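If you want the building blocks of each chain, they are given just below.
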Amino acid sequence: MKTYQNTTAELPHMGTFIKNKIEEHNITYAQLSRRMNIHQSTLYGYFVQETLQTRIIWKVSQAIGYNLFTDLIQLLPVELQNTNKTVFQHTIEAQQQEINDLKKEISIYKEILIKKS
């Protein structure tokens, strides 16, 4: 059984978190409420909640056109931020390795050209 260490990273107050993100994106509460198809009072209710369901965060993300989950991940301790490698991360690593190999190859070709001169 895997055990997890208790970290000092605190879960942000989700209501404040989403309120700040909405304001950063210059979307009025009325606009957001319409996009989410909820009453404005429901949106205000989210702002006072310490925690929110993933579904709500998902809907707010879609309504403001911004991935709130990415910002939440960045609030985690650094050692937890990249524990799940995505296809993109694997692709980036493979491309970085290819770049390094090509740099070595170019270096070898340059040495050969210098010797021929």
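These numbers come from a predicted model, not from an experiment.

Enquirer: So what about the side chain of Ser33? Which residues, and what values?
Expert: Turning to its location among the elements, Ser33 is positioned in helix 2 (residues 29–36). Using a relative accessible area of 4% as the deciding quantity, one classes Ser33 as buried. Among the polar contacts listed, one links the side chain of Ser33 to the backbone oxygen of Tyr29, at a separation of 2.8 Å. Those residues in contact with Ser33 that lie beyond four places of it in its chain are Ile38, His39, Gln40 and Leu43.

Enquirer: With reference to specific residues and values, describe a nonpolar patch on the surface.
Expert: Together, Ile73, Leu76 and Leu80 make up an exposed nonpolar region whose accessible area comes to about 230 Å². Along the chain, Leu76 falls in the loop between helix 5 (68–74) and helix 6 (78–81).

Enquirer: Go over the packing of aromatic side chains, please, and point to the residues and values.
Expert: Inspection of the entire model under this criterion finds four aromatic pairs. One aromatic cluster is present, built from ring pairs that chain together Tyr29, Tyr44 and Phe47.

Enquirer: Before we move on, can you summarise the nonpolar core with the specific residues and values?
Expert: If you look at the biggest cluster of nonpolar residues, it comprises 19 residues, and the most contacted ones within it are Ile18, Ile22, Leu32 and Val60. Only helix 1 (14–24), helix 2, helix 3 (40–47), helix 4 (54–64) and helix 5 provide two or more residues apiece to this core. Broken down by element, the residue count for this core peaks at five residues, all from helix 4. Residues in contact with Val60, not counting those within four places in the same chain, are Ile18, Ile22, Met36 and Leu68.

Enquirer: Go over the environment of Lys19, please, and point to the residues and values.
Expert: In this fold, Lys19 is placed in helix 1. Separated by 29 residues in sequence, Lys19 and Val48 have C-alpha atoms that sit 9.5 Å apart. If we skip the residues at most four places from it in the chain, Lys19 touches Tyr29 and Phe47.

Calculation rules
Residues numbered from 1 in each chain as written. Predicted model: local features only at pLDDT ≥ 70, side-chain atom pairs only at ≥ 80, totals over all residues. Heavy atoms only, no water. Helix = DSSP H or I, 4+ residues; strand = E, 2+ residues; numbered from the N terminus. Buried < 20%, exposed > 50% of the residue type's maximum accessible area, 1.4 Å probe, protein only. Polar contact = N/O pair within 3.5 Å; in protein donor to acceptor, adjacent residues only side chain to side chain. Contact = heavy atoms within 4.5 Å. Patch = residues over 30% accessible without salt bridge, like charges linked within 9 Å, V, L, I, M, F, W, Y side chains within 5 Å. Areas by Shrake-Rupley, 256 points an atom, 1.4 Å probe, with all protein chains shown as cover. Salt bridge = Lys/Arg side-chain N within 4 Å of Asp/Glu carboxyl O. Phe/Tyr/Trp six-rings, centres within 6.5 Å; stacked < 30°, edge-to-face > 60°. Core = buried A, V, L, I, M, F, W, Y, C linked by side-chain atoms within 4.5 Å.

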